[in-house]
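The chain contents come next:
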Amino acid sequence: MNHLSLSELCCLFCCPPCPSKIASKLAFLPPEPTYSLMCDDSGSRWTLHLSERADWQYSSREKEAIECFMTRTSRGNRIACMFVRCSPTARYTLLFFPTPVDLGQMSSFYIGLGSRINCNFSYDYSGYGASFGKPSEKNLYADVDAAWQALRSRYGIRPENVIVYGQSIGTVPSVDLASRYESAAVILHSPLTSGMRVAFPDTKKTYCFDAFPNIDKISKVTSPVLVIHGTEDEVIDFSHGLALYERCQRPVEPLWVEGAGHNDVELYGQYLERLKQFVAHELVNL
């Protein structure tokens, strides 16, 4: 997410209060693509090509574990999807909704995380990476539905074996999806309560022009929810994670990472340990 000046915020929310404009300015600033997808003559097999900016940290053998393809959303956009086969015996698949970066930038992270706790499946929002269309809140929700359906139809993975994982702005499609479909669990990493509450911390209620109203959807989530947040988050205040945790139907023990900011939670040892504990032990007994 990006910092805006007071004048820019006032313009967004007051002149006039338009949810799509709020969404695009607060969250959707796509980076230059760090990868491309090339299709073979059959039209069914896609090859992933990473640029230097993707900062790939593994060998070509690990890259062979990544399967890419395109799927179409209900709004007509073709979006890029990535399935990382890290473990042939994995019980769960992690449906990952990232921060505003593309699949190329996240590919090494998916390999590292997936090899430690599970498989991974992710996609690029409309307008990101190789995905078509433009970033918008409506497209965000259409994108998540297309990814969910592709995971089920293409790989035959049942909802009870899917862990929905959202990070930062990625918690918006995560909460939206989880409020409509039950899954094995939901992980919310540095989540926001709503767009207005990020821009104006004293906001106490959800207005009709607010974007990303996680705070109003979280109580509809019936799956177990793990909330992770750094106590010194400089982008989305720690209070957002706490507020969402308190509204969960089935919260598990949260992870409040003392001293962590918005982009460094993964660097703390307790982050991976909490994920391992949750996936390998707690979910089995829930």
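Up top is the structure.
Source: prediction; values computed, not measured.

Conventions and cut-offs
Residues numbered from 1 in each chain as written. Predicted model: local features only at pLDDT ≥ 70, side-chain atom pairs only at ≥ 80, totals over all residues. Heavy atoms only, no water. Phe/Tyr/Trp six-rings, centres within 6.5 Å; stacked < 30°, edge-to-face > 60°. Buried < 20%, exposed > 50% of the residue type's maximum accessible area, 1.4 Å probe, protein only. Helix = DSSP H or I, 4+ residues; strand = E, 2+ residues; numbered from the N terminus. Core = buried A, V, L, I, M, F, W, Y, C linked by side-chain atoms within 4.5 Å. Contact = heavy atoms within 4.5 Å. Salt bridge = Lys/Arg side-chain N within 4 Å of Asp/Glu carboxyl O. Pairing = 2+ DSSP bridges.

### Let's talk about the packing of aromatic side chains
- Summed over all chains, the structure comprises 17 aromatic pairs.
- Ring geometry for W56 against Y58: centres 5.7 Å apart, planes inclined by 65°, an arrangement best described as edge-to-face.
- A residue is classified by how much of its surface remains accessible, and Y58, at 30% relative accessible area, is partly exposed.
- Considering the side-chain rings of F83 and F121, the 6.1 Å spacing of their centres and the 55° angle between planes classify their relative orientation as tilted. Pair noted here: F83 is in strand β4 (residues 78-84) and F121 is in strand β6 (residues 119-123), with a separation of 38 residues, a long-range link.
- The rings of F69, F83, F121 and Y155 are connected pair by pair, giving a single aromatic cluster.

### As for the nonpolar core
- Ranked by size, the top nonpolar core spans 78 residues in total, and within it F121, I163, I228 and L275 carry the most contacts.
- Top element by residues in this core is helix α5 (residues 137-155). It accounts for 9 residues.
- Apart from the residues within four sequence positions on either side, F121 is in contact with F69, C81, M82, F83, T93, L94, L95, F96, A147, L151 and Y155.

### Observations regarding the side chain of H240
- With respect to the secondary-structure elements, H240 resides in helix α9 (residues 238-247).
- On the accessibility criterion, H240 (6% relative accessible area) is buried.
- Sequence-distant contacts of H240, that is, excluding residues within four places in its chain, are made with P191, L192, T193, S194, R197, V198 and H229.

### Some words on the pattern of salt bridges
- Per the counting criterion, the structure on display carries 8 salt bridges.
- One salt bridge connects E67 with R85, and the closest N-O pair in it is separated by 3.4 Å. Highlighted residues: E67 in strand β3 (residues 66-72) and R85 in the loop between β4 and β5 (93-97), separated in sequence by 18 residues.
- Taking the relative accessible area as the measure of exposure, E67 reaches 24% and is therefore partly exposed.
- One network of salt bridges, with partners in common, ties together D145, D176, R180 and K217.

### Side note on the pairing of strand β1 (residues 35-39)
- Pairing of β1 with strand β2 (residues 46-50) involves 5 bridges; the strand directions are antiparallel. Bridging across to β2, M38 finds its partner in T47.

### Brief notes about the environment of E64
- You can see E64 is positioned in the loop between α3 (60-63) and β3.
- Through-space distance from the C-alpha of E64 to that of V84 is 9.0 Å; in sequence the pair is 20 residues apart.

### Some remarks on the pairing of β4
- Counting buried positions along β4 gives 6 out of 7 residues, so the element sits mostly inside the fold.
- Here β3 runs beside β4; their pairing, made up of 7 bridges, is antiparallel. Paired with M70 across the bridge in β4 is A80.
- Between β3 and β4, which pair antiparallel and follow one another directly, the connecting turn spans 5 residues, one of which, G76, has a positive phi of 90°.
- In terms of strand pairing, β4 meets β6 through 4 bridges, oriented antiparallel.

By themselves, these are just geometric observations and shouldn't be taken as functional.
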